[in-house]
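# Reading the structure
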Amino acid sequence: MSSLVQDLRFGARMLVKKPGFTLVAALTLALGIGANTAIFSLVYGALLRPLSFVEPDRLVVPVSFNRGRGDESSSVTYADYLDWKNENVFESVAALNLLSTVDLTGGSGEPERVRVAEVTGEYFEVMRARPVIGRTLMPDDYVVGAPSRMVVISYGLWTRRFGGDASILDQKIYLNGRPYTVVGVMSENSIWPPNREVVFPMAVGPNPGPDLMRRDNMIFSSIARLRPGQTIVEADAAMATIAGRLEQEFPESRAGWNNKAVGLREYTVGKQLRLSLVVLLAAVGFVLLIACVNVANLSLARVFGREREMAIRIALGAGRGRLMRQLLTESLILSIVGGGAGCLLGVWGLELLLSIVPADTPRLTEIRIDGLVLGFSALISLGTAILCGLLPAIQCSRVDLNESLKESARGATGGRRAGFVRNLLVVAEVSLSLALLIGAGLMIRSFLRVQQIDPGLRVDRLVTMELIAPSIRYPKSAQVIGVYESLVDRLRETPGVESAAISSALPVGGGGFYLGRSFLKEGQAEPPAAPDYQGQWNAVGPGYFETSGIRLIEGREFDRRDTQKGIQVIIINQTIARRMFPGESAIGKRIKSWRDENVLREVVGVVEDVRYFGRDDEVRGCVYVPHSQDWWSAMVLTVRTQSDPASAIANIRGAIASVDKDMAVANVSTMVDAMNRSVASRRVSAVLLAAFSVLALVLAVIGIYGVLSYSVGQRTREIGIRIGLGARATDVMRLVVTQGMKLALIGIGVGLAMAFGLTRLMASLLYEVTATDPWTFAVIPLVLAGVALVACLLPARRATKVDPIVALRYE
């Protein structure tokens, strides 16, 4: 212990004697450790932190996928849930109807929109959730026609709207105007999905109706708990057996469909986010590795500068192991200082990350710096101490006593051995930097491609919001249709409003519509005898296309003549038109769909394609029907303003209140903001990768500059002799630049090989850019070579100013 304390004291004194080296090395390590701490906090909180449920690893989400079309959806049918329950596929399984949103009134505050979940009786058995106060839903609450409706609410809703007041129990709240009694408040983070704030019972009798039991009625979700010892593979096999039987029994609706179980944590995060976070973690790992190489290079220069000191200590009896321990101790002190500063940078960096990541990032509230993250920081600090100190220590242990004293006598330190090791480290820096730069270049190119995509509508001066006409106040379809027509008419007279319209779905995430429905041409045979055509279903009001800026290609828009009693009409997008009616006009043709049963609708218009799920969404088939012929109570209002949308929002709210003062307005947003949110995750990934790449590039350039500066300093006598014998400045500059560019070009070659393999792992994150994009693989190495050339020119220029008389006199 005394020798360790002595090593620490001596190491601290040596570092204090070289404040420049100590500051640069500590700062370099702090940047690498801080970036890793921040990103690891993000990755651990989103991917690795255990879910807050009881035995969360046994919770799975059954999903559906189609083998023929490649579709995968979290939606299942109610009949699927009953099959899994009756055949004991899981320990327990529940079905959920994730109704989008409802208007909540009751308690203090204005009406607000909340997300709700309607669940079957097994839900709380599956989740094993416990209430903070009150109780969960009981079997009697699920009885069809029960006189009183019971609900439980989330901890967040209880504290936010009701101030955490325990008197909320047995009090009534109103959802879409209907009274519900609160019987319990669930503990924090105990409801799934986590964005649901009210849970109420799905009351279904012993004989569900035919609509509920349709095998293609995939409007439900499910959550299940595996039996103890049961694996996901076993559950998948059991569901596949059932799906195979159903495919034989219901070929028209179940052809190609199968089911599988996805772990709840995996499902919550999603494949794309998981891969994005892994890529970011790998990127900051590269940055830390480059930082360690840089510090190791600095330490090598310092160690070789102390070679005479080490030789004398060995001559006086010090063992080589003792010298290695001393140098590792100095490296440990550096890493402790760098690690402490890195933790502070990590806290600041995490705050910055949380301010730029999308608000809908899964498990965002669970991302924080805690003891485990600090333990990770301590671990990587120890790792950097070993990485930064081991190579210099090994080199020091190989000191040749006689040769070192001879070299010291003539002023050279390290000789060829020093140069080879330092050159090798520079090559490693350049190759790692290039691999990271190419990855960032691919992500940036991909993001720019997404930004250039035409979403299919004019996003300027558009403001949107979600509304609902509660059935308790508007029990009849005519009343729902009438209130929305009155609202649109009132808005068109509102100052600052150019036009207004309603729709059941909005581009990039507003509202909802039926997904992936089958459409057939008039007279066409039913599947599987003939192929069907897939498309989304959107109910819209008159003026929707004009207001949204969706171009009408052929035919007409909907208007007030399209009533419930009139001809059933439909407008289709270009994709549906091309697939169903190739080479001919779709106008006047008649089609039917699952939604309409056997109703034939006449095509009255064709509009351009709109990417409803973001700029990077695939082009999908989509149909539009008049809201007056397919009414929805929950709609999205789209308003095109005459000037800045923000300035018109107050007037829009006032117009809504003048039609129905109790109608809640939710998710007010401009379309520009909505579009930006749709690509926010790509933007964040591209920005972070670019930032890490620039940091890596700077460190690599510093490494090249440092090696050449050191080399020039050690070759002062040689350069002086060359100049004395008549070498020109250009010759000396060429000598130094050639040395540096050889290292850079070797590093670029190795980095290209690394990047060619590594970028394939991020192929699914790219959009219209290949993982081996020639443009990126050509330009990025040229940029790095140019920057390396600049780093070489600075010490080369200094070499040309060597005075041969001074150099030789010094020697």
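Residues numbered from 1 in each chain as written. Predicted model: local features only at pLDDT ≥ 70, side-chain atom pairs only at ≥ 80, totals over all residues. Heavy atoms only, no water.

### Topic: the overall build of the chain
Convention followed: Helix and strand definitions here come from DSSP, where helices need a minimum of 4 consecutive H or I residues and strands a minimum of 2 consecutive E residues; each element is numbered from the N-terminal end. Burial here depends on accessible area, computed with a 1.4 Å probe over protein chains only, as a share of the maximum for the residue type. Under 20% is buried, over 50% is exposed, and the range in between is partly exposed. Per-residue accessibility takes into account occlusion by the displayed protein chains alone, with areas from the Shrake-Rupley method and a 1.4 Å probe.
Scanning the chain from terminus to terminus reveals 24 helices and 26 strands. Classification of the 811 residues of the chain by burial places 52% in the buried group. Counting every atom, the chain has about 35,500 Å² of accessible surface; 59% of that belongs to carbon and sulfur.

### Some details on the pairing of strand β19 (residues 533-540)
The condition is simple: Should DSSP find at least two bridges between two strands, the strands are regarded as paired.
Extensive coverage of β19 is indicated by the burial of 8 of its 8 residues. With 5 bridges joining them, β19 and strand β24 (residues 622-626) adopt parallel strand pairing. By the bridge assignment for β24, Asn538 is matched with Tyr624.

### A closer look at a nonpolar patch on the surface
Note the threshold: Patches in this entry comprise residues that are over 30% relatively accessible and not in a salt bridge; like charges within 9 Å are linked, as are nonpolar side chains (Val, Leu, Ile, Met, Phe, Trp, Tyr) within 5 Å. The term salt bridge refers to a side-chain nitrogen of Lys or Arg lying within 4 Å of a carboxyl oxygen of Asp or Glu.
A grouping of Leu27, Leu31, Leu345, Trp348, Leu352 and Ile356 is seen on the molecular surface, where their side chains present a nonpolar patch of about 540 Å² in accessible area. Elements with a minimum of two residues in the nonpolar patch: α2 (19-48) and α11 (320-356). With 4 residues, the single largest contributor to the nonpolar patch is α11. You can see Leu345 is positioned in helix α11. Note on Leu345: relative accessible area 34%, which makes it partly exposed.

### Focus: the environment of Lys742
Structurally, Lys742 is set in helix α22 (residues 729-758). Overall, Lys742 belongs to the exposed group, its relative accessible area being 54%.

### Some remarks on unusual backbone geometry
Excluding glycine, residues mostly carry a negative phi; peptide bonds, for their part, are mostly trans. Cis geometry marks the peptide bond from Trp192 to Pro193; its omega dihedral reads -5 degrees. Tracing the chain through its elements places Pro193 in the loop between β10 (178-186) and β11 (198-201). Look at Arg128: it is not a glycine, yet its phi comes out positive at around 50 degrees. Structurally, the position occupied by Arg128 is in the loop between α4 (123-127) and β7 (131-134).

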